[in-house]
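Chains, contacts and geometry: an overview
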Amino acid sequence: MRAHEAGALHGDIGNRGPAWLRTPVDVNALVPQLWPRHVERGPAGALTVAGLDVRDLAAEFGTAAYVLDEDDLRERCREFRAAFPDADVYYAGKAFLCRAVVRMIAEEGLFLDVCTGGELATALSAGMPPERIGFHGNNKSVAELTRAVDAGVGRIIVDSSTEIDRLSALARERGVRPRVLLRVTVGVEAHTHEFIATAHEDQKFGFSLAGGTAAAAAFTILDEDVLELRGLHSHIGSQIFDASGFEVSARRVLALQAQIRDARGVELPELDLGGGFGIAYTTQDDPASAHDLAKRLRKIVDGECAAENLAVPHLSVEPGRAIVGPAVFTLYEVGTVKGLDGLRTYVSVDGGMSDNIRTALYDASYSATVANRASTAEPMLARVVGKHCESGDIVVKDEFLPADVRPGDLVAVPGTGAYCRSMASNYNHVPRPPVVAVRDGRARVIVRRETEDDLLALDVG
């Protein structure tokens, strides 16, 4: 990479791309692990999802649009339930949440993790049994805690001494005994982007092990006997492929479990190891299956409990991205194609950082394909970019697309189910795309497209 005065991203230029990106033998071929399970290239060359042609989806619902393969999502829910038969699987709603998805995961037997009042409202309005909801968050307001207590939320993951005080006051006032887990910061440096690593010491979440605040908080809850302390919670980050971080985390949090037992004579019955399981966005990613994850985590916990002479606690895990991420692709229409001599070709689509901020925010990598047809043209290195007034408005940094890509083509970007619609914005006053669920040859809108009227409705000036 050569230096560039505008920064490293601008210096990464040339016609080769990153070392892991290989020139495809067939530019039309789909890499199976990147796409929803019921996506294929049909006889006419266009992509189909659950039997529906993406050209028909674009004509009916417009572009840009998030397309959800509903059976893919449901199958991943079932795989996690089968892999963790003796554990509670909480779908991490922050990845993507709407009422239809709440109903899907409930029907498949999962629990639900929320982290704001808005997510809790969505869960309750969709009929999720409150006892199957866990409530996260580092700064839950009194109003949010009140709603959670009054609704009968199954567990609240407490994150600060202030929250313990707030929740204890509510419990005394209402004569109830909320179940809580204590979020522990275990000091693990997860091998992921610094903005999605959540277990190192210098960050906002949880009670520190190293500083002794986690043990002190546990003793406070037990001694006051107002809240029911069910167990400990640890979450080391997101988009993680290496199980070693979970091993270190489990060892440290179970050592705290033993410390609590020795000091207070109480063995806490539950342990939540969080989520953060990675998915494949490009060919460089090699995620583990739910079965392999469960096998590794169970071995880690069993071993550490034996070492500490602890009974094995009831486990919980919190997959979000691993369930919804691979089940969705985003469908765009190409507006302009601009070749830069000796560099790369810029393919501009009718979306961008307002529907997928992850490339700009996390330097995330994605893949793409021309979706409306097959091509016999040679592969060319392209950068898929958006329509926003930002040079950093990049959807796919590097991908080989056919050299004859042209305005009016459809481009599909896989792996966009997690954190794309959830983090979408109205930057440049662009309405957010719809979410279209497809199953058994039928499509339905589960989150409608925003309109200009929606944008203006909040503008009371």
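Only a predicted model underlies this, so the values are computations on that prediction, with no experimental measurement involved. (Residues numbered from 1 in each chain as written. Predicted model: local features only at pLDDT ≥ 70, side-chain atom pairs only at ≥ 80, totals over all residues. Heavy atoms only, no water.)

When helices and strands are counted, the chain shows 13 helices and 21 strands. Over its C-alpha atoms the chain spans a radius of gyration of 23 Å, differing by no more than 12% from the 23 Å that the globule rule assigns to 461 residues. Once the C-alpha set of the chain is aligned to its principal axes, its extents read approximately 70 × 45 × 45 Å. Taken across its 461 residues, the chain has 55% of its residues classed as buried. (Helix = DSSP H or I, 4+ residues; strand = E, 2+ residues; numbered from the N terminus. Rg over C-alpha atoms; globule rule 2.2 N^0.38 Å. Buried < 20%, exposed > 50% of the residue type's maximum accessible area, 1.4 Å probe, protein only.)

The next thing to look at is the nonpolar core. Residues Tyr91 and Ile156 are the most contacted members of the largest nonpolar core, which totals 110 residues. What Ile156 contacts, discounting residues up to four positions off in sequence, is Phe135, Lys140, Leu145, Ala148, Val149, Glu163, Leu167, Arg179, Val180 and Leu181. Of all hydrophobic cores here, the second largest spans 19 residues; its members include Trp35, Val49, Leu331 and Val438. (Core = buried A, V, L, I, M, F, W, Y, C linked by side-chain atoms within 4.5 Å. Contact = heavy atoms within 4.5 Å.)

Counting across every chain of the model gives three cavities of 30 Å³ or more. Roughly 70 Å³ of volume is contained in the largest cavity. For the largest cavity, the full set of lining residues is Ile240, Phe241, Asp242, Ala243, Phe246, Phe277, Gly278, Pro287, Ala288 and Leu293. Each residue belonging to the lining of the largest cavity can be placed in one class, and the counts come to eight nonpolar, one polar and one charged. Of the pockets and cavities examined, the second largest cavity occupies roughly 40 Å³. Lining of the second largest cavity is provided by Tyr66, Phe96, Val328, Thr416, Gly417, Arg421 and Val435. (1 Å grid on protein atoms, 1.4 Å probe; cavity = no way out; pocket = protein on both sides within 12 Å on 5 of 7 lines; lining within 4 Å. Points joined across faces, edges and corners; volume = space filled by probe spheres on them. Nonpolar A, V, L, I, M, F, W, Y, C, P; charged D, E, K, R; others polar.)

One can find Thr376 in the loop between strand S16 (369-370) and strand S17 (379-385). Take Thr376: its relative accessible area is 81%, and that puts it in the exposed class. The sequence separation of Thr376 and Pro32 amounts to 344 residues, and the corresponding C-alpha distance is 21 Å.

Of all five residues in strand S5 (residues 88-92), five are buried; the element is thus mostly enclosed. Side chains Asp88, Tyr90 and Ala92 project from S5 onto one buried face, and the interleaved Val89 and Tyr91 project onto a second face that is buried too. Looking at chain direction, S5 and strand S13 (residues 314-318) are connected through two bridges and run parallel. Bridge pairing links Asp88 to Ser316 in S13. Taken together, the three bridges between S5 and strand S6 (residues 111-114) define a ladder with parallel strand orientation. Pairing of Tyr90 across the sheet is with Phe111, part of S6. With helix H4 (residues 99-107) bridging S5 and the parallel S6, this β-α-β connection has right-handed handedness. (Pairing = 2+ DSSP bridges. Right-handed = clockwise from strand over helix to strand, strands pointing away.)

Counting buried positions over the five residues of strand S15 (residues 345-349) gives four, a clear majority of the element. Relative to S15, strand S14 (residues 328-339) runs antiparallel, the two being bridged by five bridges. Residue Gly339 lies in a different strand from S15, and its bridge partner there is Thr345. In this structure, the hairpin formed by S14 and S15 is closed by a connection of five residues, where Gly342 is found at a positive phi of approximately 75°. Of the strand pairs in this sheet, S15 and S17 are connected by four bridges, and their pairing is parallel. Across the sheet, Tyr346 pairs through a bridge with Arg383, a residue of S17.

This brings us to unusual backbone geometry. Backbone torsion omega between Thr63 and Ala64 reads -5°, so that peptide bond is classified as cis. For Ala64, the position within the fold is in the loop between helix H2 (54-61) and strand S4 (65-69). Of note, Asp363 is a non-glycine position whose phi angle comes to about 60°, a positive value. In this fold, Asp363 is placed in the loop between helix H12 (358-362) and S16. For Asp363, a relative accessible area of 46% gives the class partly exposed. For Asn428, which is not a glycine, the phi torsion comes out positive at approximately 60°. Tracing the sequence through the fold places Asn428 in the loop between strand S19 (410-414) and strand S20 (435-439).

Using the criterion set out here, one finds six aromatic pairs in the structure. Each ring, one from Phe246 and one from Phe277, has its centre 5.7 Å from the other, and the planes form 40°; the classification is tilted. Of this pair, Phe246 sits in helix H9 (residues 244-264) while Phe277 sits in the loop between strand S12 (270-275) and helix H10 (290-308); the two residues are 31 residues apart in sequence, bridging distant segments of the chain. Ring plane angle 70° and centroid distance 5.1 Å describe the contact between Tyr281 and Tyr366, whose orientation is recorded as edge-to-face. Of the two residues, Tyr281 is situated in the loop between S12 and H10 and Tyr366 in the loop between H12 and S16; the sequence distance between them amounts to 85 residues. Like Tyr366, Tyr281 is buried. Put simply, the rings of Phe80, Phe84, Phe246 and Phe277 touch in pairs and so form one group of aromatic residues. One cation-aromatic arrangement involves Arg264 over Phe219; the distance from NZ or CZ to the ring centre is 4.3 Å. (Phe/Tyr/Trp six-rings, centres within 6.5 Å; stacked < 30°, edge-to-face > 60°. Lys NZ or Arg CZ within 6 Å of the ring centre and 35° of its normal.)

What is shown is where atoms sit, not what they do.
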